[in-house]
Amino acid sequence: MSYFAVALAWLLVALALMVAGVGFPAVHLASPDTLILVHVVCIGWLSVAMCGALFQFVPVLVAKPLFSEKWALPGLGLLTIGLAALLAGFLGLGGRLPAWHWILPAGALLLIAGFSLIVVDLGLTAWQRPTGPARFVLVGLASLCVTVAFGAIFAFAHAGRAGPVGEAMLASGVPLHAIAGLGGWLTLTAMGVSYRLLSMFMLSPDIDDRKSNVTLAVGALAIAIAAIGGVFAIWLSFGLNVVLSVVAVLSLATIILYGRDVLGIFKNRKRRQLELNTRMAVLSYISLAASALLGVMLILTGAFTAQLGAFVFLAVFGWLSGLVLAKLYKIVAFLTWLETYGPVMGRTATPRVQDLVSEARASKWFVIYHAAVWFGTLMLLAGQPSAFRAAAAIMTIGIVGIVREIIRTRSLADVESTLRLPGGACAPHLLFARN
Amino acid sequence: MTEYIDVDVRPILRAGGEPFSVIMAALERLEPGQGLRLYATFKPVPLFAVMADRGFAHSAQPLDAGEWEVLFTPADTKPAAPVAGRPAFDAWPEPSVRQDNRDLDPPEPMVRILAAAEKLAPGETLSALLRREPVFLFPQLEKRGYRWLGGFSPDGTTYELTVRAPS
């Protein structure tokens, strides 16, 4: 729960920055202000939320307890301090803070320490039964290591301590960092987790491992080519273009294969009536398909570099954030239900998981959020920064609504008072979950 | 090198039988220093504790289709000595309750199993069919002192769980 709370807090920070006009599109894509925004979103919000979800989910995937429960909280602490140091470093680059040379490398080292704890913990857990979705998680964690390694090289290069190769990496390696992070770590992990969650909530048979393995293999190949091929291309001073084109084709193939798998799960489902988390996940799939389509169109028209911001925005907020929010809504409800009523279940009447949430009220906030994301993407494409800020403001309204629903779930506010706390049950704490 | 005697209880499990007596019979036939190589349709976790009591270390590795090969090797310090008396997992009675929870929305199967388990008399068992390994249910059962055995059917579509009330 602490991970989810910290992640949502960073998301609100990111939205506040966007509404305030900090970073792209008000300033250039590579400017320090944009770097701040991007890292708040990708580390603070998405990575922290993903790690929190994986701590709950990987033990379920492999039916084994987590390697070490004790590492989760120090990991979160290191990530939070590391991200703060990184942001201070970017503020220094932008001249908003004194330029302390040590702070970017220090932030990088703290983030390495935090992510290492998490990667080792989750990796050792997933390794015990590396089948199906657990393989996606392992590849995602490997991509996370690649992303962090690139980031650390950049941080040291900014401090002038990475040598000429480091300088060259910083000059042209940023796309590789972004591909490993957004594509490998966040997208492949989200895909893996979604396979199991979707089939679980829709009562659909698990997707055949052979099918999902093909999807994973193509995705992993794309990341490997980006990481290894990209480093060689920079090292030998070739252009990155060939590598990036191959990666683009493979990424598109991965999305298409994933789409085929997800459609299969939807088609074979036993449950006709879909829950909110699945319906809202569909909206994020629409965004994923739309980003793929947008990417292809931008490449074909030669406008990809110019419109990179819109493409990344749709992928990050429509696809990744949309999926994470939808699943978070369900995960919090389920964990709260299990925590509160598990000990007394079967002995006395307990509410159902559905009684902890009000889907009708929550879906309104999700729809507002997604509509605002799509509107924001269009405004970025049309080059309308003020309208984009309005979209960010509407997104914030949606998120505040969703956060309020999650807090209501956690505090059992929607459960009828006769059932709320039967004898022996004890009310959950907002931020800490008992296991 | 330890010599292993093969025991394949997969046919018994597939037929819905209880393989415990077969395993124990094989154990009694072992010469000192010999080990047991067990083939089962699921990872026989409860058996590990029983075998450890008798001085066998285990190492399990998954085979295809959810099946397992488990090596029970006599520990050097404690020679394998078949112990008389009632083994821990012997003679579970026929289930007094049977549930088919395969088409229920999660977490309804867990609620139903816990509710039914609460009504069992001491030592009675219930069996339930599920679509997934009920990983969230196990800790709840253990906290209440229940024992359980479970595994996937050979085709991997149905998980069979047997729960026994504390006697």
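What this report covers is the structure whose coordinates are included nearby. Counting of residues starts from 1 at the beginning of each chain's written sequence and follows it residue by residue. As they are written, the chains are lettered A onward and the ligands numbered 1 onward, keeping that order. Whole-chain, interface and lining totals are the exception, using all residues; otherwise, since this is a predicted model, local features are given only for residues with pLDDT of at least 70 and side-chain atom pairs are given and counted only at 80 or more. Each side-chain value is derived from all of the structure's non-hydrogen atoms; neither hydrogens nor water enter the calculation.

### Here's the deal with the overall build of chain A
Item 1. Each helix is a run of DSSP H or I of at least 4 residues and each strand a run of E of at least 2, with the numbering of both proceeding from the N terminus. Counting its regular elements, chain A contains 14 helices and zero strands.
Item 2. Secondary structure of chain A in N-to-C order comes out as α-α-α-α-α-α-α-α-α-α-α-α-α-α.
Item 3. To get the radius of gyration, use the C-alpha atoms; to get the globule rule, take the number of residues to the power 0.38 and multiply by 2.2 Å. Against the compact-globule benchmark of 22 Å for 435 residues, chain A has a radius of gyration of 21 Å, which places it among compact chains.
Item 4. With the C-alpha coordinates of chain A rotated into their principal frame, the extents come out at 70 × 50 × 45 Å.
Item 5. When contacts within chain A are restricted to residue pairs at least 6 apart in sequence, those whose partners lie at least 24 apart make up 79%.
Item 6. Total accessible area computed for chain A in this model is approximately 17600 Å², and 71% of it derives from carbon and sulfur atoms. Contacts are residue-level and defined by heavy atoms, with any inter-residue pair within 4.5 Å sufficient. For the area figures, the Shrake-Rupley method with a 1.4 Å probe applies, and any residue is considered shielded solely by the protein chains shown.

### Notes on the pairing of strand S7 (residues 147-152) of chain B
Residue and element names in this part refer to chain B.
Item 1. With six bridges joining them, S7 and strand S8 (residues 159-164) adopt antiparallel strand pairing. In the sheet register, Gly151 faces S8, and the bridge partner there is Glu160.
Item 2. What sits between S7 and S8 in their antiparallel hairpin is a turn of six residues, with Gly156 showing a positive phi close to 80 degrees. One bridge is not enough; two strands pair if DSSP finds at least two bridges between them.

### As for the pattern of salt bridges
Item 1. Each reported salt bridge corresponds to a side-chain nitrogen of Lys or Arg within 4 Å of a carboxyl oxygen of Asp or Glu. Following the criterion strictly, the structure yields 24 salt bridges over all chains and no others.
Item 2. Residue Arg271 of chain A is joined to Glu275 of chain A by a salt bridge in which the shortest nitrogen-to-oxygen separation is 3.6 Å. The residues Arg271 of chain A and Glu275 of chain A share a single accessibility class, namely buried.
Item 3. The shortest N-O distance in the salt bridge between Glu67 of chain B and Arg10 of chain B comes to 2.9 Å. With a gap of 57 residues between them, Glu67 of chain B in the loop between strand S3 (56-62) and strand S4 (68-74) and Arg10 of chain B in helix H1 (residues 10-14) connect regions that are remote in the sequence. Summarising the burial analysis for this pair, Glu67 of chain B and Arg10 of chain B share the class buried.
Item 4. Several salt bridges share partner residues, and in doing so they unite Arg271, Glu275 and Lys330 of chain A together with Asp105 of chain B into one network. Using a 1.4 Å probe on the protein chains alone, a residue whose accessible area is under 20% of its type maximum counts as buried, one over 50% counts as exposed, and one in between counts as partly exposed.

### So, the packing of helix H1 (residues 2-20) of chain A against helix H3 (residues 72-93) of chain A
Residue and element names in this part refer to chain A.
Item 1. For helices, the fitted line uses only the C-alpha atoms of the stretch in contact; every axis is such a line through C-alpha atoms, and the angle between N-to-C directions lies from 0 to 180 degrees. Orientation of H1 relative to H3, taken along the N-to-C sense of each, is 15 degrees, at an axis distance of 10 Å. Relative to H3, the element H1 is oriented roughly parallel. At the point where H1 passes H3, the crossing takes the left-handed sense. Between H1 and H3, the contacting residues are Ser2, Tyr3, Val6 and Trp10 on the first element and Ala72, Leu73, Gly75, Leu76, Thr80, Leu83 and Leu87 on the second.
Item 2. Each residue is assigned to one class: nonpolar for Ala, Val, Leu, Ile, Met, Phe, Trp, Tyr, Cys and Pro, charged for Asp, Glu, Lys and Arg, and polar for all the others, Gly among them. Each residue belonging to the contact of H1 with H3 can be placed in one class, and the counts come to eight nonpolar, three polar and no charged. Here the word oblique covers every angle except those under 35 degrees (roughly parallel), over 145 (roughly antiparallel) and from 65 to 115 (roughly perpendicular). Take the far helix as the reference: if the near one is turned anticlockwise from it by less than a right angle, the crossing is left-handed, and if turned clockwise, right-handed.

### Focus: the environment of Thr254 of chain A
Residues and elements named next belong to chain A.
Item 1. Within the secondary structure, Thr254 sits in helix H9 (residues 241-267).
Item 2. Between the alpha carbons of Thr254 and Leu216 there is a distance of 7.5 Å; along the sequence they are 38 residues apart.
Item 3. Beyond its immediate sequence surroundings of up to four residues, Thr254 is in contact with Leu188, Met191, Thr215, Val218 and Gly219.

### Quick notes on empty space enclosed by the protein
Residues and elements named next belong to chain A.
Item 1. Using only the protein atoms, space was sampled on a 1 Å grid; points where a 1.4 Å probe fits but cannot get out form cavities, open sets with protein on both sides within 12 Å along at least five of seven lines form pockets, and lining residues are those with an atom within 4 Å of a point. Grid points are joined across faces, edges and corners, and a volume is the space filled by probe spheres set on the points. For the structure shown, the criterion picks out four cavities of 30 Å³ or more.
Item 2. If you add up the space inside the largest cavity, you get close to 140 Å³.
Item 3. Lining the largest cavity we find 13 residues, and of these Met50, Ala53, Val193, Val324 and Lys327 sit closest to its centre.
Item 4. Breaking the lining of the largest cavity down by element, the ones donating at least two residues are helix H2 (32-62), helix H7 (174-201) and helix H11 (308-341).
Item 5. If one sorts the elements of the lining of the largest cavity by residue count, H11 sits on top with five residues.
Item 6. Within this model, the second largest cavity holds a volume of roughly 80 Å³.
Item 7. Every residue along the wall of the second largest cavity is listed here: Glu275, Leu276, Asn277, Tyr329, Lys330, Ala333, Val353, Gln354, Val357 and Glu359.
Item 8. At the level of elements, helix H10 (276-300) and H11 are the ones that each hand at least two residues to the lining of the second largest cavity.
Item 9. Among the residues forming the lining of the second largest cavity, the class breakdown is five nonpolar, two polar and three charged.

### Things to note about the packing of H7 of chain A against helix H8 (residues 209-235) of chain A
Residues and elements named next belong to chain A.
Item 1. Between H7 and H8, whose axes approach to 10 Å, the crossing angle comes to 170 degrees. As the angle between them shows, H7 and H8 are arranged roughly antiparallel. The residues of H8 that touch H7, namely those facing Leu176, Ile179, Gly183, Gly184, Leu188 and Tyr195, are Ser212, Thr215, Gly219, Ala220, Ile223, Ala226, Gly230, Val231 and Ile234.
Item 2. Taken together, the residues that form the contact of H7 with H8 break down as nine nonpolar, six polar and no charged.

### Observations concerning the packing of aromatic side chains
Residues and elements named next belong to chain A.
Item 1. Within 6.5 Å between ring centres, the rings of Phe, Tyr and Trp (the latter by its six-membered ring) count as paired, and their orientation is classed by plane angle as stacked under 30 degrees, edge-to-face over 60, tilted in between. Enumeration over the complete set of coordinates arrives at 17 aromatic pairs over all chains.
Item 2. Taking 6.1 Å as the distance between ring centres and 65 degrees as the angle between the ring planes, the aromatic pair formed by Tyr258 and Trp319 counts as edge-to-face. Of the two residues, Tyr258 sits in helix H9 while Trp319 sits in helix H11, which places them 61 residues apart along the sequence.
Item 3. A residue is classified by how much of its surface remains accessible, and Tyr258, at 1% relative accessible area, is buried.

### What about the interface of chain A and chain B?
Item 1. Chain A puts 23 residues into the contact, and the matching count from chain B is 19 residues.
Item 2. Together chain A and chain B conceal approximately 1900 Å² of surface at their shared face, both sides included; 60% is due to carbon and sulfur atoms.
Item 3. What gets called buried area is simply the loss in accessible area from a 1.4 Å probe that two parts show on being joined, summed for both. Summed over the three residues of chain A that lose the most area to chain B, namely Leu203, Met345 and Arg347 of chain A, the buried surface amounts to 25% of that side.
Item 4. For the pair chain A and chain B, the interface holds four salt bridges.
Item 5. Across the salt bridge formed by Arg347 of chain A and Glu118 of chain B, the nearest N and O atoms sit 2.9 Å from each other.

### Focus on the sheet that holds strand S2 (residues 35-40) of chain B
Residue and element names in this part refer to chain B.
Item 1. Strand order in the open sheet formed by four strands is S1-S2-S4-S3, with mixed pairing between adjacent strands. The open sheet has two edge strands with one neighbour each: strand S1 (4-8) and S3. The sheet shows a mean angle of 20 degrees between the axes of neighbouring strands, taken without regard to direction.
Item 2. Bridge count for S3 against S4 is seven bridges, and the pairing is antiparallel.

### What about the environment of Thr158 of chain B?
Residues and elements named next belong to chain B.
Item 1. Tracing the backbone shows Thr158 in the loop between S7 and S8.
Item 2. Taking the C-alpha atoms as reference, Thr158 lies 12 Å from Arg14; in sequence the two are 144 residues apart.
Item 3. Other than its neighbours up to four places away in sequence, Thr158 contacts Arg102, Leu129, Leu130, Gly151, Phe152 and Ser153.
Item 4. By the criterion applied in these results, polar contacts are pairs of N or O atoms within 3.5 Å in which, for protein atoms, one can donate a hydrogen and the other can accept it, and in which residues neighboring in sequence qualify only through two side-chain atoms. Within the structure, Thr158 has its side chain in polar contact with the side chain of Arg102 (distance 3.4 Å).

### A few points about helix H12 (residues 359-381) of chain A
Residues and elements named next belong to chain A.
Item 1. Relative to the 33 Å expected for 23 residues at 1.5 Å per residue, H12 spans 33 Å between its end C-alpha atoms, a close match to the ideal helical length.
Item 2. For H12, the full list of buried residues reads Ala362, Ser363, Trp365, Phe366, Tyr369, His370, Ala372, Val373, Gly376, Thr377, Met379 and Leu380.
Item 3. Residues of H12 that are buried in the fold lie against H10, H11 and helix H13 (385-410).
Item 4. Gly383 occupies a position one or two residues after H12 and carries a positive phi of about 70 degrees. Multiplying 1.5 Å by the helix residue count minus one yields the expected span of that helix.

Purely spatial values, then, with no claim about function.
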